[in-house]
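Secondary and tertiary structure notes
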Amino acid sequence: MSANNPFARLPEAASFTVTSTTVADGAAWPSAQRSAGVPGGKDVSPQLSWSGAPEGTRSYAVTVYDPDAPTGSGFWHWAVADIPAAVTGLPEGAGDDTGPGLPEGAFQLPNDARAARYIGAAPPAGHGPHRYFVVVHALDVESIGVPADATPAVLGFTMAGHILGRAVLTATAETPA
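These notes cover the structure that comes with them. Keep in mind it's a predicted model, so treat the numbers as computed, not measured.

Buried residues dominate strand β8 (residues 130-139), accounting for 10 of its 10 residues. Side-chain alternation along β8 places His130, Tyr132, Val134, Val136 and Ala138 on one buried face and Arg131, Phe133, Val135, His137 and Leu139 on a second face that is also buried.

Structure below.
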């Protein structure tokens, strides 16, 4: 596992709380949240709930990112933009191909596998533990203004000047050699 901190060079942001009935902060992903390419994996997005966002929050974005992927740029597993400010959670499975649990107006961007959905954890066998940063970003705009086919990196770049707060939960996964 690397010491790579994906927030180290980003602007400071207020902290608020994100929890999940699917996975506890610091715990390993359950099988369902692993990639369908891994035995038992099902590519099911986690349940998320958040509270305590900063005043002035007008929308949220949710991202799931693995900075430990052996790519030189990490791996984006999920990105959802334009979640209305009145929404304080997403049900488990909201990130499938049709986004059944996403609120009206919210949309999924293509992940690094180029699918506009959640894709589960699948670190290479023997590569060691990977961290998965599940982040809810509180934004000062109702719509972040990125096209639906933008990458999560473009979303992150566009959000940088609009982030009021950041709630972070970290899950882990490892595939034995």
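As a further point, take the sheet that holds strand β5 (residues 75-84). Sheet architecture is open: six strands sit in the order β1-β9-β8-β4-β5-β7, paired in mixed fashion. With partners counted over all chains shown, the strands left at the sheet margins are β1 (14-15) and β7 (107-108), one partner each. The pairing of β8 with strand β9 (residues 163-173) spans 10 bridges and is antiparallel. By the bridge assignment for β9, Ala138 is matched with Gly165. Helix-sheet contacts for helix α1 (residues 152-159) involve β4 (59-66), β5, β8 and β9, and the interaxial angle to β5 is about 50°.

Here the structure, examined in full by the defined rule, presents seven aromatic pairs. With a centroid separation of 4.4 Å and 40° between ring planes, the pair formed by Tyr65 and Trp76 is classed as tilted. Of this pair, Tyr65 sits in strand β4 while Trp76 is found in strand β5, placing the two residues 11 residues apart along the sequence. The same class applies to Tyr65 as to Trp76, namely buried. What links up through ring pairs into an aromatic cluster is the set Trp29, Trp78, Tyr118 and Tyr132.

Each value, and the rule that gives it
- Residues numbered from 1 in each chain as written.
- Predicted model: local features only at pLDDT ≥ 70, side-chain atom pairs only at ≥ 80, totals over all residues.
- Heavy atoms only, no water.
- Buried < 20%, exposed > 50% of the residue type's maximum accessible area, 1.4 Å probe, protein only.
- Helix = DSSP H or I, 4+ residues; strand = E, 2+ residues; numbered from the N terminus.
- Pairing = 2+ DSSP bridges.
- Contact = heavy atoms within 4.5 Å.
- Axes fitted to C-alpha atoms, helices over the stretch in contact; angles between N-to-C directions.
- Phe/Tyr/Trp six-rings, centres within 6.5 Å; stacked < 30°, edge-to-face > 60°.

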